[in-house]
Amino acid sequence: MNSDESCKDKYLLEGYPDLESSTVVLIKEAIKHGIKFEVIDEDHSFIKLYKENHEEYIAQATKTSKDSYIFPSMVTDKEFSKRMLRANDITVPDGIVLTSKMTQEEKISLVSQFINKNVVIKPRTTDCGVGITVFDQPATEKEILDATNYAFQFDSQVLVENYAKGREYRFVVVNGKCISVVYRRSASVVGDGKKTIRELMADKDREPWHYILKNPMVIDEPLKIFLNNQNLTLDSIPNSGERIFLRRNSNCSTGGESVDMTDIMPDSFKLIAEKASEIFGAKICGVDILIDDLNKPEYSIVEINDNPGICINEWPYEGHGEKVGLEILKVLGFIE
């Protein structure tokens, strides 16, 4: 990793410490091309880019005038977006929807089909991994009901889905073309034979990439459950060199890390991401795909993102990264 100072120069914009990292990516690329910027609302990363008579307003680097107003609403609803994808012959996990208005008996009846199976339970409309519990081992009725109750804290509707095996990859599609792919490695720590998992998590939070990009480790119920399934606790001491995964979902917002896979990813999967983007008419989007074996055609799309957080693609934890900011400036008409 680079020194703290060189990382600050790379990841931060002087005078604007609270700007979201993806917006910093876009502004830094704009400056390179003689495009001026104005920060309108730092807390919400709302900016204006302008050059000569051309100006564009952008929120969080990827919310622009080029995408329709309805696009974010379509993909925020995870169940609706799955229906859209399935109707266009895109593979997505099968599942059911529970509502807070249902009686406990109704919920138990519906989830009975998932008992002793691997399942994913998540709020219908949240993002950044909020409220998600993943069981990659057969789950009991109590575990499923506890996880749905946890998810109901964040939404009035909860999805219970079949677990799809594989690594999760974030494909970024800009103007119909997949320009970047990262493997989103789930939050993890590597043991030194002395420190507890809790202490190793604290060390990870002090790394420049995690600290500056505001991707801290998160201690919550899904993490504790995932550790418990490995017969571990936060006070366990991993062996030297042993990597311990802390959760199954791979969101960088809960401490995950990105590894650039653009040059390795087969074109067949990039084409699937591009098709998914086209279904929603998106100019800028992220497509999260689970793939177990890059040499086989099987996959499952788990989410479409209207605000994919391009910093993890341009500035990955591992790998060289791709020029996502440059491609967005092309979409906005600043660069040919």
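What counts and how
- Residues numbered from 1 in each chain as written.
- Predicted model: local features only at pLDDT ≥ 70, side-chain atom pairs only at ≥ 80, totals over all residues.
- Heavy atoms only, no water.
- Axes fitted to C-alpha atoms, helices over the stretch in contact; angles between N-to-C directions.
- Helix = DSSP H or I, 4+ residues; strand = E, 2+ residues; numbered from the N terminus.
- Parallel < 35°, antiparallel > 145°, perpendicular 65-115°, else oblique.
- Left-handed = near helix turned anticlockwise from the far one by under 90°.
- Contact = heavy atoms within 4.5 Å.
- Buried < 20%, exposed > 50% of the residue type's maximum accessible area, 1.4 Å probe, protein only.
- Arc of directions from axis to C-beta.
- Polar contact = N/O pair within 3.5 Å; in protein donor to acceptor, adjacent residues only side chain to side chain.
- Salt bridge = Lys/Arg side-chain N within 4 Å of Asp/Glu carboxyl O.
- Core = buried A, V, L, I, M, F, W, Y, C linked by side-chain atoms within 4.5 Å.

## Some words on the packing of helix α5 (residues 104-111) against helix α6 (residues 141-151)
Step number 1: Where α5 meets α6, the axes come as close as 11 Å, and the angle between the chain directions of the two elements is 120°. Considering the angle they form, α5 stands oblique to α6. In this structure, α5 crosses over α6, and the sense of that crossing is right-handed. Contact residues: Q104, I108 and V111 in α5; E141, I144 and L145 in α6.

## Looking at helix α4 (residues 78-87)
Step number 1: Of all the residues in α4, the buried ones are K78, E79, S81, K82 and L85. Seen along its axis, α4 keeps its buried residues to an arc of 160°; they face one direction.
Step number 2: Elements that come into contact with the buried residues of α4 comprise α3 (71-76), β4 (95-99), β5 (119-123), β7 (157-162), α10 (267-279) and β14 (300-305).
Step number 3: Measuring from the side-chain oxygen of the N-cap residue of α4 to the backbone nitrogen of E79 gives 3.1 Å; that N-cap residue is D77.
Step number 4: D89 occupies a position one or two residues after α4 and carries a positive phi of about 65°.

## Notes on the pattern of salt bridges
Step number 1: Enumeration according to the criterion identifies 25 salt bridges in this entry.
Step number 2: Three or more residues are tied together by salt bridges with common partners; here these are E79, K82, R83, K122 and E161.

## So, the nonpolar core
Step number 1: In terms of nonpolar packing, the biggest core is built from 36 residues, with L26, L49 and L329 touching the most fellow members.
Step number 2: Excluding residues within four positions of it along the chain, L49 makes contact with L26, A30, I35, K36, F37, H54, E55, E56, I58, L329 and F334.
Step number 3: With 29 residues, the next largest nonpolar core counts V75, V92, M265 and A273 among its residues.

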